[in-house]
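Results of the structural survey
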Amino acid sequence: MIHTLSIRDKFFNMTKVIMPILIAQIALYMITFFDILMTGRYDTHHLAGVTIGSSFWVPIYTGLAGILMSLTPIIAQLVGGNQKEEVRPSVQQGLYVSIVLSAIVFSLIQFAVSPILEMMPLEEQVRTVASDYLIGMSFGLLPLFGYSVLRSLFDGFGQTRVSMAIILLAAPINVSLNYCLIYGNFGFPELGGVGAGYASSITYWLIFFIATITVIKSKPFNTYHVFRQWGKVSFKKWKEILVIGVPIGVSIFVEISIFSAVTLLMAHYSTATISAHQIALNFTSLLYMIPLSISMGVTILVGQEIGAGRYKDARQYSYMSIGIAILLSSFSIVILLLFKEPIASLYTTDTEIIKLATHFFLYAALFQLSDAIQAPVQGALRGYKDVNITFIMAIISYWVIGLPVGYLMASYTDIGPFGYWIGLIVGLTAGAITLSIRLHHIQNKHKN
């Protein structure tokens, strides 16, 4: 762990930690990004089906995977406090938890989602693609959750370049598999949007195997013998993981699911509207990787400083992360405003969908600043292991304030589907304000 003294040193240390996370997050997100992009080029109905399928997949997966994110501050504080003998059992118990979580999500997809899809007012082809896409994705659940645990090990040590290297190896393979399975090239079956699901599943297995070999073969991880001397299930360790992880997972689920809820509420609009909404959401989610990566980086840095008892340094890292995120959000806003039509044209040649997507991009530009504040603030709070109040604030901001505002705007004004995006703006802004107040309160409790 690096102990920095000056603000300049902290800036360079933060950059060293965050840049690999950013590259890894972008590369990981590119799997979903290219699912949408390449399916949009294949067929509009398949794009709508993948859109609906993703609306179920993303919040369920990210919410439960968020539980495993608790291992990052746990390991970071163990490293910061020089309690390295506790790392191996923490990772092993995390892998046990990952198996249980993957079984839960697999069951939900296999038995609960299909009845919901049947009740939705969808065209039959869209419904079929959505269901089959989810089945394909579900076969990658076990390695994806397992990789989340191993990534927490890498990141907890501040070795974020390891995660970056692994994902950079996997992303091109996913694109290649998409090319084969979506379009039926090189003798593979032409599966359309469903092929994107199976391609992602295969890629997740690849990611997990590479991460496992890295832990076994590479320093400093191989000195901890993570895959040796397996202990029995320890509910004490599970409790530590879940007490911190469940609020994190719920917070992520609440935030991500608000976007999915909006997508599902749009099911009664035209296929073109659903597709345009997904295009705008897909690209803005790519831009969100910037504040999200800063959030993940500041969790590591704050966690290490808190573990070492350096509360002033933790506070400085928190404020620096927010400032950097706000600065970078201005570039995201410029991209969305100046290049909205060329970006939409990457996904489809349908002029109606392009026109609708450019309108959605205008609203997306408005919540970039709120994202730039609330994401790093959440990351800093996780570094402090302060997670319970955070998820309550998230529920109120997104579901009690944001979604009702969006529904009212969409249902009782002439704005139509764009009203839901106004609700997103309101919810994200409320979250940014309340979380900032919470961070200030926690920092006042940790002064030295």
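Everything discussed here concerns the structure shown above.
So, here's what we can say about the structure.

Things to note about the environment of Val100
- Residue position: Val100 is located in helix α4 (residues 87-119).
- Take Val100: its relative accessible area is 37%, and that puts it in the partly exposed class.
- Between the alpha carbons of Val100 and Asp313 there is a distance of 37 Å; along the sequence they are 213 residues apart.

Concerning a nonpolar patch on the surface
- Taken together, the side chains of Ile389, Ile392, Ile395, Ile396, Trp399, Val400, Ile401 and Val426 define a hydrophobic patch exposed on the protein surface, amounting to about 590 Å² of accessible area.
- Per element, the largest residue contribution to the nonpolar patch is seven residues, and it comes from helix α15 (residues 388-412).
- Inspection of the secondary structure puts Ile389 in helix α15.

Section: the pattern of salt bridges
- A full pass over the atoms with the stated rule returns five salt bridges.
- One salt bridge in this structure joins Arg310 and Glu305, with 2.7 Å as the shortest N-O distance. Grouping residues by exposure puts Arg310 and Glu305 together as buried.

Quick word on the packing of helix α11 (residues 311-338) against helix α16 (residues 418-445)
- Between α11 and α16, the shortest axis-to-axis distance is 11 Å and the interhelical angle comes to 160°. The orientation of α11 relative to α16 falls into the category roughly antiparallel. The way α11 lies across α16 gives a crossing that is left-handed. In contact with Arg315, Ser318, Tyr319 and Ile322 of α11, α16 contributes Leu439, His440 and Gln443.

Comments concerning the packing of aromatic side chains
- For the structure shown, the criterion picks out 19 aromatic pairs.
- Relative to Trp238, the ring of Phe235 has its centre 5.4 Å away and its plane inclined at 70°; by these criteria the two rings are edge-to-face. With Phe235 and Trp238 both in helix α9 (residues 235-265), this residue pair falls three residues apart, about one helical turn.
- Overall, the relative accessible area of 63% leaves Phe235 in the exposed class.
- Classification of Trp238 as buried rests on a relative accessible area of 14%.
- Clustering of aromatic rings is evident, with ring pairs tying together Phe360, Tyr363, Phe367, Phe418 and Trp421.
- The aromatic ring of Tyr317 is capped on one face by Lys10, whose charged end is 5.8 Å from the ring centroid.

Some details on the nonpolar core
- Of all hydrophobic cores here, the largest spans 144 residues; its most connected members are Trp57, Val91, Phe145, Leu153, Ile207, Phe283 and Trp421.
- Looking at this core element by element, the count peaks at 18 residues for helix α10 (residues 271-307).
- Apart from residues lying up to four places away in sequence, Trp421 is in contact with Met266, His277, Ala280, Leu281, Thr284, Phe360, Tyr363, Ala364 and Phe367.

Focus on α4
- With 33 residues, α4 extends 46 Å between its outermost C-alpha atoms, agreeing within 8% with the 48 Å of an ideal straight helix rising 1.5 Å per residue.
- Along α4, the helix axis deviates most sharply at Ala112, where the bend reaches about 40°; the proline Pro115 sits within four residues downstream.

Analysis parameters
- Residues numbered from 1 in each chain as written.
- Predicted model: local features only at pLDDT ≥ 70, side-chain atom pairs only at ≥ 80, totals over all residues.
- Heavy atoms only, no water.
- Helix = DSSP H or I, 4+ residues; strand = E, 2+ residues; numbered from the N terminus.
- Buried < 20%, exposed > 50% of the residue type's maximum accessible area, 1.4 Å probe, protein only.
- Patch = residues over 30% accessible without salt bridge, like charges linked within 9 Å, V, L, I, M, F, W, Y side chains within 5 Å.
- Areas by Shrake-Rupley, 256 points an atom, 1.4 Å probe, with all protein chains shown as cover.
- Salt bridge = Lys/Arg side-chain N within 4 Å of Asp/Glu carboxyl O.
- Axes fitted to C-alpha atoms, helices over the stretch in contact; angles between N-to-C directions.
- Parallel < 35°, antiparallel > 145°, perpendicular 65-115°, else oblique.
- Left-handed = near helix turned anticlockwise from the far one by under 90°.
- Contact = heavy atoms within 4.5 Å.
- Phe/Tyr/Trp six-rings, centres within 6.5 Å; stacked < 30°, edge-to-face > 60°.
- Lys NZ or Arg CZ within 6 Å of the ring centre and 35° of its normal.
- Core = buried A, V, L, I, M, F, W, Y, C linked by side-chain atoms within 4.5 Å.
- Expected span 1.5 Å × (residues − 1).
- Bend = angle between axes of the 7 residues up to and from the residue.

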